[in-house]
Amino acid sequence: MLRDPILDGLNDRQKEAVLHFESPLLVLAGAGSGKTKVITHKIMYLVKSLGIPIHRILAITFTNKAAEEMKERVEKALGERPQWVMTFHSFAAKFLRFEAEKVGYDRNFVIYDEDDSKKLIKKVLKDLNLNEELIKPDKVKDYISKIKQEDNPEEYLDLLSFSVPHIRNIYEKYEEDLKNSNAFDFDDLLVKSVKILKNNPEILQRWQNKFDYILVDEYQDTNKVQHQLLKLLVGSRNTITVVGDPAQCIYTWRGAHPENILDFEKDFPGTKIIKLERNYRSTKKILDAANAVISKSKGKWKSKLLTLWTEKEEGEEIRLVALSNEKEEASFIARKIKELSSATDYKDFAILVRMSFLTRNLEEAMMLNSIPYQIVGGLKFYERAEVKDILSYLRLALNPKDYASFERSLTTPPRGIGEKGLEVIKSNFVDNWIEALKKSLPHFNQKVKSSIKEYLDLMDYVIENANLNPSKVVKHIFEKIKYEEYLQKEYSKDWEDRVANINELIVALEEIEKSGKTLTEFLEESSLSQAQDNLEDTNKVKIMTVHAAKGLEFNTVFVAGLEDGIFPSGRSFDDPTQLEEERRLFYVAITRAKERLFLTYAKERKSFGNKSVPTKLSQFLKDIKEHVKSQSTSKSASPQHTAVKYKTNKPSDGEIEAGMLVKHQVFGKGVVKSVIGKNAKVLFEKHGEKTIHIDFLEKV
Ligand code: ATP
Ligand code: MG
């Protein structure tokens, strides 16, 4: 094999993957086996050893965060910042900026996020005189998304029309309004890009010629349209490497199509498959548990499953901890983190949950224990109402066809237009807000007319200055519409936070003014921001859903709420394919851990109506019985839970005293120097002096 510094630190299979160019390449590999590493190193190899300019390499990642990380690594190695390392959606948005005119859009199009799309759907339902109660906008959004992603939307629409009345009318009107707004929704970005490439051979050729090599991470979670896009871009060449792990496919509910990876060879003939089975991330104990979980997988995944091995040591036991209720669970996790944090940084901890509602108690416990923490995901900055309110003025200024931004800016703050007035304006909206307002004006009384006049004046100012000085424009809007007063009235509890968010927005805009980015570029990035984006590198414990933890790794991981109905979710009980996906999700959760893994559950949990009800242990825990050590912190472990009592081996008199020789699960042997309340100061043989809660000490 070639000697090349870029290949140093890779194992033989990884090297082979980096060096393979004779045919399309699929790297099939388990969690933590270095798939992402292979992609990064292959980019470096292409540039440094083969002399391909970095701008001729396209690398697709699953999240913006992953793209950012990859860019940084490549930049560090090559001294040059790659332009084409991005998510599918960002790629499509960039592509459309060049080519949107081909499908009748102008290049200043806006991107509608979920919330904008739903607003538009509500408008469509109103226009068609359909009752929102009978046809839920959320459901309609799902249908529309499905229709768009189908190979043959017309056929699918025919089929769907049998079971969902009016869906054709709704879909067609939605598409028409979207186009009139010069807007693309998230699905459109990809679907329209594929359409352009398919129907315009000269454009296809131009874009094929643009890239000498394409690499894709997390391939198991691509959807059909993304697969098509790649096929088009690669054409009949061999210039593609994709990596993925079928066992980590966790987005089928959002359209991920695992056949893309399972049958990759069909669409890319002559594909070479390289398997990586050595895991570099986790201790042996963690890995054994992960293997035990995934080996119970059924169906089409089975044949592609890989068993991971590692040369790492056995490591610490995996702890399964039963707590009496959800508050206790959160407080156990907080105490444990506090205890372990004397030896390691807060940023090395992650708490993973299946559902985001579980984060509230955890958050509370972190605060009570003064542990710095961060909720990753949740509402993204650019999805916050106040940020969207203000940005709607800017978006409308750039694109007069954007109905969603028009309605939002016109009615925030309310200008006395009312539901009926809005109906009139809506019905007059064809493809330009100024026209619509002009036509509707006679309908309004003098007072409303004058507030509309103020809106028009304000918009004049915004249109004139938005591109030149967006931060100044935001300050101007903020004052003119008396936004602070509005926030105080609307959100009496947290209006100050919201004002702070607008300040943050102004800071962001000042930054783009300095960087030379255009406002259009900024707005595009803001609409494509994702849950992982606010993952700070600061020294904080991260709390997040398992979905958001994809691709990441942490020293110590807590998986909380391991109860049937939560993990796996209740919805999966009568749907075997969904239950399979939950299993893969559990596998993803476990494999985020490098050194230490805690699994916790509450024996009782408050459910709807604020009543505590007994829970049932997650069925997945059966599969890793032999790999975990059970503990229970409460005195009355219910028989349903086989957990052993936690720390029953306290000294018989229940006291820890100064001078006593004690043992700690992590820090080993030590001597107690003093005890204050429930805390003991202990001098450990190997770890020095620490303060530890006495429940965690054992008399030797
Ligand atoms: P996931 O499936 O979770 O996305 P992955 O297969 O992409 O995982 P990476 O994130 O690339 O795995 O690598 C996991 C860890 O193992 C990283 O910390 C990485 O630096 C390390 N690693 C990968 N390959 C090697 C190697 N050959 N030698 C040493 N460490 C390695
Ligand atoms: Mg990875």
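Predicted model only: the values in this text are computed from it and were never measured.

1. Some details on the pairing of strand β18 (residues 661-664)
Only one face of β18 is covered, namely the face carrying Val 662 and His 664; the face carrying Leu 661 and Lys 663 is uncovered. In this structure, β18 lies alongside strand β19 (residues 668-676), joined through four bridges in antiparallel fashion. Looking across to β19, one finds that Val 662 is bridged to Gly 670. The turn joining β18 and β19, which pair antiparallel and follow one another in sequence, is formed by three residues.

2. Quick word on the pattern of salt bridges
One pass over the structure, following the stated rule, counts 57 salt bridges. Notably, a salt bridge pairs Arg 81 with Glu 68, separated by 2.7 Å at the nearest N-O pair. Of this pair, Arg 81 sits in the loop between α3 (64-78) and β3 (85-87) while Glu 68 sits in helix α3, and the two are 13 residues apart along the sequence. A relative accessible area of 37% places Arg 81 in the partly exposed class. Judged by its relative accessible area of 32%, Glu 68 is partly exposed. A single network of salt bridges, built from pairs that share partners, joins Asp 113, Asp 115, Asp 116, Lys 388, Asp 389, Arg 395, Asp 402 and Arg 408.

3. Here's the deal with the site of ligand 1
In the vicinity of ligand 1 lie 19 residues, with Lys 35, Thr 36, Gln 248, Glu 553 and Arg 592 positioned nearest. Thr 36 places a side-chain nitrogen or oxygen 2.7 Å from an oxygen atom of ligand 1. Interatomic distance of 2.6 Å between a side-chain N/O atom of Glu 553 and an oxygen atom of ligand 1. Burial of ligand 1 by the surrounding chains reaches 81%, relative to a free accessible area of 640 Å².

4. Looking at the UniProt feature "binding site: ATP" (unreviewed entry) in the protein
Feature annotation in UniProt places "binding site: ATP" (unreviewed entry) on Ala 29, Gly 30, Ala 31, Gly 32, Ser 33, Gly 34, Lys 35 and Thr 36, given in this structure's numbering. Considering the arrangement of structural elements, one finds Gly 34 in the loop between β1 (25-29) and α2 (35-48). Since its relative accessible area comes to 17%, Gly 34 is described here as buried. If we ignore the near neighbours within four places in the chain, the residues touching Gly 34 are Gln 14 and Leu 276. In this structure, Thr 36 is in contact with Met 70 and Asp 217, ignoring residues within four places of it in sequence.

5. A look at unusual backbone geometry
In this structure, the amide linkage connecting Thr 412 to the following residue, Pro 413, adopts the cis form with an omega of -5 degrees. In this structure, Pro 568 follows Phe 567 across a cis peptide bond, with omega equal to 5 degrees. Its identity is not glycine, yet Asn 182 carries a phi of approximately 50 degrees, on the positive side. On the basis of relative accessibility, which here comes to 2%, the residue Asn 182 falls in the buried class.

6. Description of the side chain of His 41
With respect to the helices and strands, His 41 occurs in helix α2. Overall, His 41 belongs to the buried group, its relative accessible area being 15%.

Conventions used here
- Residues numbered from 1 in each chain as written.
- Chains lettered and ligands numbered in written order.
- Predicted model: local features only at pLDDT ≥ 70, side-chain atom pairs only at ≥ 80, totals over all residues.
- Heavy atoms only, no water.
- Buried < 20%, exposed > 50% of the residue type's maximum accessible area, 1.4 Å probe, protein only.
- Helix = DSSP H or I, 4+ residues; strand = E, 2+ residues; numbered from the N terminus.
- Pairing = 2+ DSSP bridges.
- Salt bridge = Lys/Arg side-chain N within 4 Å of Asp/Glu carboxyl O.
- Near = heavy atom within 4 Å.
- Polar contact = N/O pair within 3.5 Å; in protein donor to acceptor, adjacent residues only side chain to side chain.
- Areas by Shrake-Rupley, 256 points an atom, 1.4 Å probe, with all protein chains shown as cover.
- UniProt positions renumbered as here; feature names shortened; annotations may be inferred.
- Contact = heavy atoms within 4.5 Å.

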